[in-house]
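Okay, here's what each chain looks like letter by letter:
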Amino acid sequence: MTASPVQRDLRISKARNKNEWLWAYLLIAPTIIGLGALNVYPFFDSLYTSLLKSQGLGPTKFIGLQNYAKMFGSAEIWRTTLNTLWYVVLTVPVGVFLALVLAALLNTKIRGRDLYRGIYFLPMVVAPAAIAMVWRWIFNAENGILNQALLMLGIVGPKWLSDPNTALAACAAVGVWSSVGYDLVLILAGLQSISSTYYEASEIDGANWAQQFFRITVPLISPTLFFVILMRMMNSIKQFDTIFMLVKPENPAFKSTATLMVIFFREAFEKFNKGYASAVVVWSMVIIGAITAVQFVAEKKLVYYE
Amino acid sequence: MKKLLAALLLLCLALTALAPLALAEDVTITFAFWDTNQEPGMKAIAEAYMAGHPGVKVETQVTPWDQYWTKLEAAAQGGALPDVFWMHSNQFFKYANAGMLLDVTDLNYDYTPYPPGVTKLYNYGGAQLAIPKDYDTIALAYNKEIFDKAGIPYPDDTWDWAKLREVAAQLTDKENGVYGFAAQQDTQSGYYSVVYQNEGFIFENGVPGFDQAATQEAIQWWTDLTLKDGVSPDAASFADMGRDDQFQAGKVAMVFVGSWMMSSYTSNEQINDKFDLAVLPQGKVRASIYNGLGYSGAYNTPHPDVVKDFLAFCGSEEANILQAQNKAAIPAYAGTEHYFVENFPNINIGAYPEMIAYGVQFPFGPNKSLWEPIETEEIAAVYSGEKTVAQACNDLNAQILEIEAE
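Counting restarts for each chain, with residues numbered from 1 along the sequence as it is written. To label them, take the chains in the order written and letter them from A, then take the ligands in the order written and number them from 1. At least 70 in pLDDT is required for a residue's local features to be given in this predicted model, at least 80 for side-chain atom pairs to be given and counted, and no such filter applies to totals for whole chains, interfaces and linings, which use all residues.

Q: For this particular structure, what's the right way to read the overall build of chain A?
A: Every helix listed is a DSSP run of H or I at least four residues long, and every strand listed is a run of E at least two residues long, numbered separately from the N terminus. Along the backbone of chain A there are 13 helices and 2 strands. Across its three principal axes, chain A shows a C-alpha extent of roughly 90 × 70 × 35 Å. Looking at chain A as a whole, 29% of its 306 residues qualify as buried. By the convention adopted here, residues make contact when the C-beta atoms placed from their backbones lie within 7 Å. Here the contacts in chain A between residues at least 6 apart in sequence split such that 72% fall between residues at least 24 apart. Exposure classes come from backbone-placed C-beta atoms, where a residue is buried if 20 or more other C-beta atoms lie within 10 Å of its own, exposed if 12 or fewer do, and partly exposed in between.

Have a look at this one:
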């Protein structure tokens, strides 16, 4: 019995299908393996470690939810959670707004545009530790360039990094400064993908600059903005290096700037309490998850997809 | 073409197979430490050893103090410790307890030339787990220029607490941003010496001493210099600019400073011809905190014999002279101190070795690395005005007891 031509074609396409799937899996394998080894496994390992008493190099002991009980019973966790959320409030709206405005400006035809783009992106390629060291000098209460400049205007500047009232804002300023260039590039890419025909058509209809910005630019850029805000929020909650370098534990402002990641580092790598530190990390993850969930709900209402 | 390619591939394979054989003759051991000031001294020791042992390569690795212990712990857990590394009293117990350090008892080393406190420090249950490297003490550094301007005689060995406070007040000139003394929050070169001068204690035989009246009195005196007497810059000022930088910039007249800082002080042109040293002023008794570092080996080093041989060399008189000549630290080997002293002809560096006579070993304990960060937080609460000295010390004492009990 010979197969009909149709059957034969089916068999060939099935075989080809299988072959294609194999290739697809093979090609994504490096990423999947990397994700598994570097993200998925450590994630579950952190969850498990948060249930252990793990101190120093000694043996570990399963203690159930005791780390969580201790954590939520401490004033420190609530204080640092508030600090973290404050940091998000201080950095995300200002940072994204600045990035949007700068991107809109850099999307116009101005002289030296490429130079400006380079300058704004520059902080992204500098190591955070170096950024922190430079800003420590800028913020130095007595000799720092910022207070020296204020002094010329007759203002005695605050002790930026050691006054509990200004330290977190100072850290936030550094955070915004170092992230605005990256957000700017993303938004700029979004702006450039908007077809010029919309603007031409609206011009014919007599729309002014403001109408164009709010009726065309904002809706069409909203998917990019959504992504930028989402990433910026996550990164702000996870912000560690600059704050850690700018405000040390002996600093009187330490308590008002220590974020969740800072106490996580102190617990894990200075006090060597890995179990407790993992509980802190899980708690930060819950916060990030909750905020992200809210954002995805908001996305359905506010974000416009072409 | 194909044949050529195949031949090339084969050649490559053969070479990679041969590579380990070629290297097998040479042994490379890694040598990790934290102090960049001492890098020349350590390199000199490594080179001297390599000169006598062709076929052995010693690779030095410097990591700053803050990251050194984080890195070392990760390495210990991953089984990838450096072959030889510096050990400190704060962390020793943790590594000893976890069996991470190479037992060098069977070297049958002669420990008589070293300060007994340092040798004992690195002895764990009868096993010697590090070779003494050096010791350091704390002295009083003062800015001669500021003293001359005020017409006040320099500090000397007759000074006591009252005198220090009195002169500090005389030298304080807030309008010009100059303070008499730097009472920064610090343990080893801060209030620890003062506590022992007042016959208090920090931690001895597993018992914390922060609840003792004498300890609290000393910490009160130390923090009062900033908070009540106003003769020292405050915590906010030190957060912007550390004690040593302020002293070197001529903003404070006197400071407690460890001997390990001398190579940095004397190489700073802003200060090197303007400062001198005196022994610490006395309280009820004389005391200066001393601490000794040690050279340890990794328990799992693939070359234990080479490592032990190198450790023995590091402890030798020759290596001690090398580290002293390179301004690294006061060598642990008795009789070699003068090589260190001779490096600093213009200052009274002899104050450091002089104080070993009444030196007090830097407090240590098996769980110190766990409670030290808590100590930082509690004492910081005194400086910020959140807690009184008694509250902070009692809270701290209770937390240490809790950690020690676990």
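Next, the rest of the story.
Q: Got a minute to help me understand the overall build of chain B in this structure?
A: Check the secondary structure of chain B and you find 18 helices and 15 strands. With the C-alpha coordinates aligned to their principal axes, the bounding extent of chain B is approximately 90 × 50 × 50 Å. Considering chain B as a whole, with its 406 residues, one finds that 47% of them fall into the buried category. Pairs at least 24 residues apart make up 75% of the contacts formed inside chain B by residues separated by at least 6 positions.

Q: Teacher, can you tell me more about helix 4 (residues 89-97) of chain B here?
A: Residues and elements named next belong to chain B. For helix 4, every residue scored as buried is listed here: Ser89, Gln91, Phe92, Lys94, Tyr95 and Ala96. Looking at the packing, one finds that the buried side of helix 4 touches helix 3 (65-77), strand 3 (84-87), helix 5 (116-121), strand 4 (123-124), strand 13 (288-297) and helix 17 (368-383). Looking at the residues trailing helix 4, positive phi occurs at Gly99, about 70°.

Q: Sorry, what's going on with the domain arrangement of chain A here?
A: Start and end positions for the domains come from either an automated domain assignment or a database one. According to the domain assignment, chain A consists of domain 1 (1-35) and domain 2 (65-302). A separation of 46 Å is found between the C-alpha centroids of domain 1 of chain A and domain 2 of chain A.

Q: Help me understand the sheet that holds strand 8 (residues 179-181) of chain B, please; the structure alone is not making it clear to me.
A: The strands making up a sheet are joined through hydrogen bonds of the backbone, oriented either antiparallel or parallel. Residues and elements named next belong to chain B. Strand pairing is defined by DSSP finding a minimum of two bridges between the two strands. Here we have 4 strands laid out as an open sheet, ordered 8-11-7-12, and mixed in their pairing. The sheet is open, and its two edges are formed by strand 8 and strand 12 (275-278), each paired on a single side. Neighbouring strand axes in the sheet, compared pairwise and without regard to direction, differ in orientation by 30° on average. Sheet topology places strand 7 (residues 138-143) next to strand 12; 4 bridges connect them, and they run antiparallel. Counted as the bridge partner of Ala141 is Leu277 from strand 12. Most of the contacts of helix 7 (residues 161-171) go to strand 8, to which it runs at about 165°, and overall it touches strand 8 and strand 11 (252-258). Only the stretch in contact is used when fitting a helix axis, every axis being a line fitted to C-alpha atoms; angles between N-to-C directions are given from 0 to 180 degrees.

Q: Explain the domain arrangement of chain B to me, please; I cannot follow it from the model alone.
A: All names here are of chain B. When its domains are assigned, chain B resolves into domain 1 (27-135 + 291-341) and domain 2 (138-289 + 354-405). Computed from C-alpha atoms alone, the centre-to-centre distance between domain 1 and domain 2 is 29 Å. Taken together, the contact between domain 1 and domain 2 spans 17 residues of the former and 16 residues of the latter. Of all the secondary-structure elements, those providing two or more residues to the side of domain 1 that touches domain 2 are helix 4 and helix 5. In terms of residue count, the dominant contributor to the side of domain 1 that touches domain 2 is helix 4 (7 residues).

Q: Help me out: how do you make sense of the interface of chain A and chain B in this one?
A: In many reports, interface size means the accessible area that the parts give up when they come together. The interface of chain A with chain B comprises 22 residues on the first partner and 24 residues on the second. Taken together, the residues of the side of chain A that touches chain B sort by class into 8 nonpolar, 6 polar and 8 charged. When residues are sorted by character, Ala, Val, Leu, Ile, Met, Phe, Trp, Tyr, Cys and Pro go into the nonpolar class, Asp, Glu, Lys and Arg into the charged class, and all the rest, Gly among them, into the polar class.

Q: What's the story with the pairing of strand 7 of chain B in this structure? I'm lost.
A: On any regular strand, side chains alternate: one points to one face of the sheet, the next to the other face. Residue and element names in this part refer to chain B. For strand 7, the buried fraction is high: 6 of the 6 residues fall into the buried class. Alternating positions in strand 7 separate into two faces, Ile138, Leu140 and Tyr142 on one and Ala139, Ala141 and Asn143 on the other, with burial throughout. As paired strands, strand 7 and strand 11 are joined by 5 bridges and run antiparallel to one another. What sits directly across from Tyr142, in strand 11, is Met254.

Q: Is there a simple way to think about the confidence of the model for chain B in this case?
A: When pLDDT drops low, the exact placement of atoms in the prediction is not to be read closely. Within a predicted model, pLDDT stands for the predictor's per-residue confidence, ranging from 0 to 100. Taken over all residues, the pLDDT of chain B has a mean of 89, while the share at 70 or more is 94%. For this predicted complex, the interface score ipTM comes out at 0.72, while the overall pTM is 0.79.

Q: How should I be thinking about the environment of Asp160(B) in this particular structure?
A: Residues and elements named next belong to chain B. Its location among the elements puts Asp160 in the loop between helix 6 (144-150) and helix 7. C-beta crowding within 10 Å serves as the criterion here: with 14 such atoms nearby, Asp160 is assigned to the partly exposed category. Spatially, the C-alpha atom of Asp160 lies 5.8 Å from that of Gly283, the residues being 123 residues apart in sequence. Residues within four places of Asp160 in sequence aside, it is in contact with Pro281, Gln282 and Gly283.

Q: What's the story with unusual backbone geometry in this structure? I'm lost.
A: Leaving glycine out, the prevailing phi sign among residues is negative, and the prevailing peptide bond configuration is trans. Phi is positive for Phe272(A), which is not a glycine, with a value near 60°. Its place among the elements puts Phe272(A) in the loop between helix 12 (260-270) and helix 13 (274-302). The backbone of Glu199(B) sits at a positive phi, close to 60°, despite the residue not being glycine. Along the chain, the position of Glu199(B) falls in the loop between helix 8 (187-197) and strand 9 (203-204). The partly exposed category is assigned to Glu199(B), around which 15 C-beta atoms lie within 10 Å.

Q: Would you mind showing me how to read the confidence of the model for chain A here?
A: Chain-level pLDDT for chain A is 89 on average; 95% of the residues reach the 70-or-more range. Put simply, helix 1 (residues 5-49) of chain A is where chain A has its lowest mean pLDDT, 86, and helix 2 (residues 66-72) of chain A is where it has its highest, 94.

Q: Help me out: how do you make sense of the environment of Pro302(B) in this one?
A: Here Pro302(B) shows up in the loop between strand 13 and helix 13 (304-315). C-beta crowding within 10 Å serves as the criterion here: with 10 such atoms nearby, Pro302(B) is assigned to the exposed category.

Q: What should I look at first to understand the nonpolar core in this one?
A: For this analysis, nonpolar core means a set of buried Ala, Val, Leu, Ile, Met, Phe, Trp, Tyr and Cys residues linked through C-beta atoms within 7 Å. Ala139(B), Ala141(B) and Phe181(B) are the most contacted members of the largest nonpolar core, which has 164 residues in total. For this core, the element with the highest residue contribution is helix 7 (residues 167-192) of chain A, accounting for 11 residues. If we ignore the near neighbours within four places in the chain, the residues touching Ala141(B) are Phe247(B), Met254(B), Val255(B), Val257(B), Phe275(B) and Leu277(B).

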